[in-house]
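Chain by chain, the residues:
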Amino acid sequence: GTENALADIYASFDGATGLDAVIVCTDSVEGYRFATSILAKHGILVAVGQPKEDIPFHWSTFVSQDITIVPGGLGRNELVQEMLELVQASKIHVEVKEFNLGSTVFEELMNEYQSDGMKGKFVIRITPE
């Protein structure tokens, strides 16, 4: 949760009060809540994931934290390269769960999506491997 993430941030970055930037790649509203909770004042939230429902932000997210939200389009080549190197060096990865297309795939996917342990992204395989 937030407390553990902030403890790791404090331990990893001397004097940090949160992260300067967070990239949200999930379409989960909870992912956006988590991202704003670990941002430092004046932090930047890069919105890549696109939830179907509105993303509710508490007023203090903007007034107290003074965060900036920017769309997740890719930038200049140098910045993209720097970001990819950071992801690789930090060993960041995306959890992927695959489902084979079949008569029960949507039920399986929705059950998994609504489970407490849901993370990462889901892929529906149209053709078998």
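Note: the structure precedes this text.
Residues numbered from 1 in each chain as written. Predicted model: local features only at pLDDT ≥ 70, side-chain atom pairs only at ≥ 80, totals over all residues. Heavy atoms only, no water.

Engineer: Before we go on, may I ask you to explain the overall build of the protein chain in this structure?
Structural biologist: Looking only at helices and strands, one finds five helices and five strands in the protein chain. Moving toward the C terminus, one meets the helices and strands of the protein chain in the order α-β-α-β-α-β-α-β-α-β. Each principal axis of the C-alpha atoms in the protein chain carries an extent, and together these give about 50 × 35 × 30 Å. With 129 residues in all, the protein chain has 20% of them scored as buried. (Helix = DSSP H or I, 4+ residues; strand = E, 2+ residues; numbered from the N terminus. Buried < 20%, exposed > 50% of the residue type's maximum accessible area, 1.4 Å probe, protein only.)

Engineer: Explain the nonpolar core here, please?
Structural biologist: The tendency in soluble globular proteins is for nonpolar side chains to be buried as a group. Ranked by size, the top nonpolar core spans eleven residues in total: Ala5, Leu6, Ile9, Val22, Val24, Tyr32, Ala35, Ile38, Leu39, Leu45 and Ile67. Elements with a minimum of two residues in this core: helix H1 (2-12), strand S1 (19-24), helix H2 (29-38) and strand S2 (39-47). Apart from residues lying up to four places away in sequence, alanine 5 is in contact with Phe34 and Ile38. (Core = buried A, V, L, I, M, F, W, Y, C linked by side-chain atoms within 4.5 Å. Contact = heavy atoms within 4.5 Å.)

Engineer: Help me out: how do you make sense of the pattern of salt bridges in this one?
Structural biologist: Think of it this way: side chains of opposite charge can pair up when their charged atoms draw near. Using the criterion set out here, one finds three salt bridges in the structure. Between arginine 33 and glutamate 30 there is a salt bridge whose closest N-O contact spans 3.0 Å. Placement of the pair is arginine 33 and glutamate 30 together in helix H2, with a separation of three residues, close to one helical turn. (Salt bridge = Lys/Arg side-chain N within 4 Å of Asp/Glu carboxyl O.)

Engineer: Quick question: what am I supposed to make of the sheet that holds S2 here?
Structural biologist: In sheet architecture, strand pairing relies on hydrogen bonds along the backbone and comes in two forms, parallel and antiparallel. The sheet built from three strands is open, its strands ordered S1-S2-S3 with parallel pairing. What marks the edges here is a single partner per strand, and that holds for S1 and strand S3 (68-71). The average angle at which neighbouring strand axes cross in this sheet is 20°, direction not considered. Direction of pairing for S1 relative to S2: parallel, over a ladder of five bridges. Within S2, the residue paired with leucine 19 across the bridge is leucine 39. (Pairing = 2+ DSSP bridges. Axes fitted to C-alpha atoms, helices over the stretch in contact; angles between N-to-C directions.)

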